[in-house]
Amino acid sequence: MYRAPLQEMTFCAEMLGQSDLAATERFSEATPETRTAILDEAARLCEGVLVPLNWTGDREGAHLENGVVRTPEGFRAGFEAIAEGGWIGATADPAHGGMGLPQCLGTMVQEILFSSCMALASNPMLTQGQIEALEVQGSEALKATLLPKLISGQWTGTMNLSEPQAGSDVGAVRTRAEDLGDGTFALHGQKIWITWGDHDLAENICHLVLARLPEAPAGTKGLSLFAVPKLWSEDGRPATPNNVRTISLERKLGLHASPTCVLEYDGARGWLVGPPQGGMAAMFVMMNNARLGVGVQGLGIAEAALQKATTYALERRQGATPDGSPTIAGFADVRRMLARMQAMTQAARALCYDCALSIDLARAAGSEAVRRAHTARAGVLTPLAKAFGTRAGIEVADLGIQVHGGIGYVEDTGAAQLWRDVRVSSIYEGTNGIQAMDLVGRKLSLDDGEAVRGLLSEVEATVDAAHEAGHPELARALAAARSKAEGVTGKLLTMDSLNDRFAGATPYLDMLAGVLGAHYLLRAGLRERARLPLARFAVHQMLPRAHADAQAAIGGAEPLYAIALGG
């Protein structure tokens, strides 16, 4: 049974300097005492209400009945508990009913929610992304209309990008919008892969939809963004259907309780968000929020899988062990798997929390230069948090099944469900390959690699601290990997062909994540001696992969295209 790891979470937050936010004007109330109270309350909600829904929701699943999506038993009560606790608007502007908490504290709450029931927790995550997009891009009138409803949970929000012919290629979107002349627009088209696109949890659903106005140019530059409610109401009259129809639900490997919808827009009315043809800029606000959120999904599942596997290993008796302990936890290979699971989970936590903290520091900055620096840092950490967080979730859940052995492959233990649910996380909200391409293509080019070099200078500080603390072997290993990462960064920036960069994008991201992960774990070990053995394991058994990734990152595209595919 999952229990929120509040001590571990708080240690990580303190190590990263989260408490410093209380010294800023914007987040002056975000004290350690406030954090403790909020996390305690979130843990009570999740352990008491959401955890029991995870297994039963997976078995029952969501169903489309007579054009209406029905969610599993107990999900409506679970959602209402989330909404009534104020968790949907945890980081939202208090002017519209939010708590105004820093993103890093909201991220900690998200971790607990996702560990408890990823399927249900995905609903408020999308609403939170829509809230942020409207706060940044919405008109004052639109914010006054929509934000109180979304923050309270009266309405929920979705993201509508993909179409049958437009997945990762967003510029191929064909959904069209027609100006009705009264401040609203009529939308026509079909959207696919819409998470929580329809349900029976809330009064209404607001869809953020990318569409094309007449005579708009082709590609992403011609896209506009619209807020389209499922039910339409004006002048105090009862809400009526708004010509948004759920055609079908996808049959999926996991997340059975989270409805993934195909939606048909047949003249549905909506409002423009941001300027005409400014759709991608507006949607990117929601997408970046969701990318960090999906990384936290991976973290949440990793923690749940780690707890489940550790409990099983400490209880399962199976043969004589080398250390004489009565359970399989005494076998070296089982301990290796559990150590890797623990190291990946803690590294993912630090990466996600650090990303959220950078976002907060940018928002609370007292000068433009400081704001730009933290924004650039968050820009680099976002694809790292999304890609490594989800990879950690998938790998840790997979190792969790292995620790369980045959019983892990049987659905009754719940170990398999964790893997099935988290597997999609490396695919949606921009595949992990797209995250890597964004890192080496856009993020490195924006500042000629300065934000990455800034992160690597922080790693260098950890190397120096390890030397001073009397751990030269750990310091040397981390220093060598850091130096390799800096050299590869420089070489990527000199490549004339963007496709050569893309060919090495995933190894480059993996290399950076590996170096940063070891850096976080070693910092933790220097701060608290009992954590040194895990740091030593990560440096000696996991960090060496960074050297192989470094070589792959600069190999260029030609070797890949030289390989014959198919028959």
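Residues numbered from 1 in each chain as written. Predicted model: local features only at pLDDT ≥ 70, side-chain atom pairs only at ≥ 80, totals over all residues. Heavy atoms only, no water.

Description of the overall build of the protein chain
Working step 1: A tally of helices and strands in the protein chain yields 17 helices and eleven strands.
Working step 2: On C-alpha atoms alone, the protein chain measures out to a radius of gyration of 24 Å, which is about the 24 Å that the 2.2 N^0.38 rule sets for 567 residues.
Working step 3: Summarising its shape, the C-alpha atoms of the protein chain cover approximately 70 × 65 × 55 Å along the three principal directions.
Working step 4: Counting the 567 residues in the protein chain, one finds 57% classified as buried.
Working step 5: Long-range pairs, those at least 24 residues apart, make up 75% of the contacts in the protein chain between residues at least 6 apart in sequence.
Working step 6: Counting every atom, the protein chain has about 22,900 Å² of accessible surface; 53% of that belongs to carbon and sulfur.
Working step 7: Averaging the coordinates of the 50 positive side-chain charges in the protein chain and doing the same for the 63 negative ones gives two points 4 Å apart. (Helix = DSSP H or I, 4+ residues; strand = E, 2+ residues; numbered from the N terminus. Rg over C-alpha atoms; globule rule 2.2 N^0.38 Å. Buried < 20%, exposed > 50% of the residue type's maximum accessible area, 1.4 Å probe, protein only. Contact = heavy atoms within 4.5 Å. Areas by Shrake-Rupley, 256 points an atom, 1.4 Å probe, with all protein chains shown as cover. Lys, Arg positive; Asp, Glu negative; His and termini not counted. Charge placed at Lys NZ, Arg CZ, Asp CG, Glu CD.)

Comments concerning the environment of Leu213
Working step 1: By the element assignment, Leu213 lies in the loop between strand 6 (204–212) and strand 7 (223–229).
Working step 2: Each residue touching Leu213, except ones within four places of it in the same chain, is listed here: Ala177, Phe185, Gly222, Ser224, Phe226 and Pro276.

What to know about the pattern of salt bridges
Working step 1: For the structure shown, the criterion picks out 30 salt bridges.
Working step 2: Across the pair Arg35 and Glu14 runs a salt bridge whose closest N-O atoms are separated by 2.4 Å. Here Arg35 is found in helix 2 (residues 32–60), whereas its partner Glu14 is found in helix 1 (residues 6–16), with 21 residues between them in sequence.
Working step 3: According to the relative accessible area criterion, Arg35 is buried, its value standing at 4%.
Working step 4: Using a relative accessible area of 26% as the deciding quantity, one classes Glu14 as partly exposed.
Working step 5: In this structure, Glu395 and Arg391 form a salt bridge, with 4.0 Å as the shortest nitrogen-oxygen distance. Taken together, the residues span about one helical turn, with Glu395 and Arg391 both in helix 8 (residues 368–404) at a distance of four residues.
Working step 6: In this structure, a network of salt bridges that share partners links the residues Arg340, Arg391, Glu395, Asp510, Arg545 and Asp549. (Salt bridge = Lys/Arg side-chain N within 4 Å of Asp/Glu carboxyl O.)

A word on the pairing of strand 6
Working step 1: Along strand 6, nine of the nine residues are buried, which leaves the element largely enclosed by surrounding structure.
Working step 2: Where burial is concerned, the two faces of strand 6 agree: the one with Asn204, Cys206, Leu208, Leu210 and Arg212 and the one with Ile205, His207, Val209 and Ala211 are both buried.
Working step 3: In this sheet, strand 6 lies alongside strand 3 (residues 155–160) in parallel orientation, the contact comprising six bridges. Paired with Trp155 across the bridge in strand 6 is Asn204.
Working step 4: Two strands pair when backbone bridges link them, and strand 6 and strand 7 are joined in this way by seven bridges, in the antiparallel orientation. Of the residues in strand 7, the one forming a bridge with His207 is Val228. (Pairing = 2+ DSSP bridges.)

Regarding the pairing of strand 5 (residues 185–195)
Working step 1: Here strand 5 lies mainly inside the structure; eight of its eleven residues are buried.
Working step 2: Bridge analysis of strand 4 (residues 176–179) against strand 5 gives four bridges, and the strand direction is antiparallel. Across the sheet, Glu178 pairs through a bridge with Ala186, a residue of strand 5.
Working step 3: With nine bridges joining them, strand 5 and strand 11 (residues 260–273) adopt antiparallel strand pairing. Looking at the pairing, Thr195 lines up with Thr260 of strand 11.

Considerations on the nonpolar core
Working step 1: Of all hydrophobic cores here, the largest spans 170 residues; its most connected members are Leu120, Leu384 and Tyr508.
Working step 2: Top contributing element to this core by residue count: helix 6 (residues 279–313), with 19 residues.
Working step 3: Apart from the residues lying within four places of it in its own chain, the contact partners of Tyr508 are Leu439, Val440, Leu444, Val452, Val488, Thr489, Leu492 and Ala553.
Working step 4: Ala177, Leu213, Cys261 and Leu263 belong to the second largest nonpolar core, which has 17 residues in total. (Core = buried A, V, L, I, M, F, W, Y, C linked by side-chain atoms within 4.5 Å.)

Notes on helix 9 (residues 415–422)
Structurally, the α-helix is built with 3.6 residues per turn, so residues lying three or four positions apart point the same way.
Working step 1: With seven of eight residues buried, helix 9 is to be regarded as a mostly interior element.
Working step 2: Within helix 9, the full set of buried residues consists of Ala415, Ala416, Gln417, Leu418, Arg420, Asp421 and Val422.
Working step 3: Those residues of helix 9 hidden inside the fold are in contact with helix 2, helix 4 (103–137), helix 6 and helix 8.

Here we look at a nonpolar patch on the surface
Working step 1: On the surface, Leu560, Tyr561, Ile563 and Leu565 cluster together to form a nonpolar patch covering roughly 520 Å² of accessible area.
Working step 2: Structurally, Tyr561 is set in helix 17 (residues 558–561). (Patch = residues over 30% accessible without salt bridge, like charges linked within 9 Å, V, L, I, M, F, W, Y side chains within 5 Å.)

Considering the side chain of His199
Working step 1: Within the secondary structure, His199 is located in the loop between strand 5 and strand 6.
Working step 2: By relative accessible area, which is 3% here, His199 ends up buried.
Working step 3: A polar atom in the side chain of His199 sits 2.8 Å from the side chain of Thr156.
Working step 4: In terms of polar contacts, His199 uses its side chain to reach the backbone amide nitrogen of Leu201, at 3.0 Å. (Polar contact = N/O pair within 3.5 Å; in protein donor to acceptor, adjacent residues only side chain to side chain.)

What about helix 6?
Working step 1: The end-to-end C-alpha separation of helix 6 is 50 Å, in line with the 51 Å expected for 35 residues at 1.5 Å each.
Working step 2: At Val285, helix 6 shows its strongest bend, of approximately 25°. (Expected span 1.5 Å × (residues − 1). Bend = angle between axes of the 7 residues up to and from the residue.)

Quick notes on the packing of helix 11 (residues 450–468) against helix 12 (residues 472–494)
Working step 1: Helix 12 packs onto helix 11 with a crossing angle of 165° between their chain directions and a minimal axis gap of 8 Å. Here helix 12 runs roughly antiparallel to helix 11, going by the angle between their axes. Two packed elements cross with a definite hand, and for helix 11 against helix 12 that hand is left-handed. Between helix 11 and helix 12, the residues in contact are Val452, Arg453, Leu456, Val459, Glu460, Thr462, Val463, Ala466 and His467 and Pro472, Ala475, Arg476, Leu478, Ala479, Arg482, Ala485, Glu486, Thr489, Gly490 and Leu493, respectively.
Working step 2: Class assignment of the residues belonging to the contact of helix 11 with helix 12 gives a composition of eleven nonpolar, four polar and five charged. (Axes fitted to C-alpha atoms, helices over the stretch in contact; angles between N-to-C directions. Parallel < 35°, antiparallel > 145°, perpendicular 65-115°, else oblique. Left-handed = near helix turned anticlockwise from the far one by under 90°. Nonpolar A, V, L, I, M, F, W, Y, C, P; charged D, E, K, R; others polar.)

Things to note about the packing of aromatic side chains
Working step 1: Tallying each qualifying case throughout the model produces two aromatic pairs.
Working step 2: The side chain of Arg531 reaches across the aromatic face of Phe11, ending 3.6 Å from its centre. (Phe/Tyr/Trp six-rings, centres within 6.5 Å; stacked < 30°, edge-to-face > 60°. Lys NZ or Arg CZ within 6 Å of the ring centre and 35° of its normal.)

Describing unusual backbone geometry
Working step 1: Residues other than glycine seldom take positive phi values, yet Trp193 does so here, at roughly 60°.
Working step 2: Among the secondary structure elements, Trp193 is positioned in strand 5.

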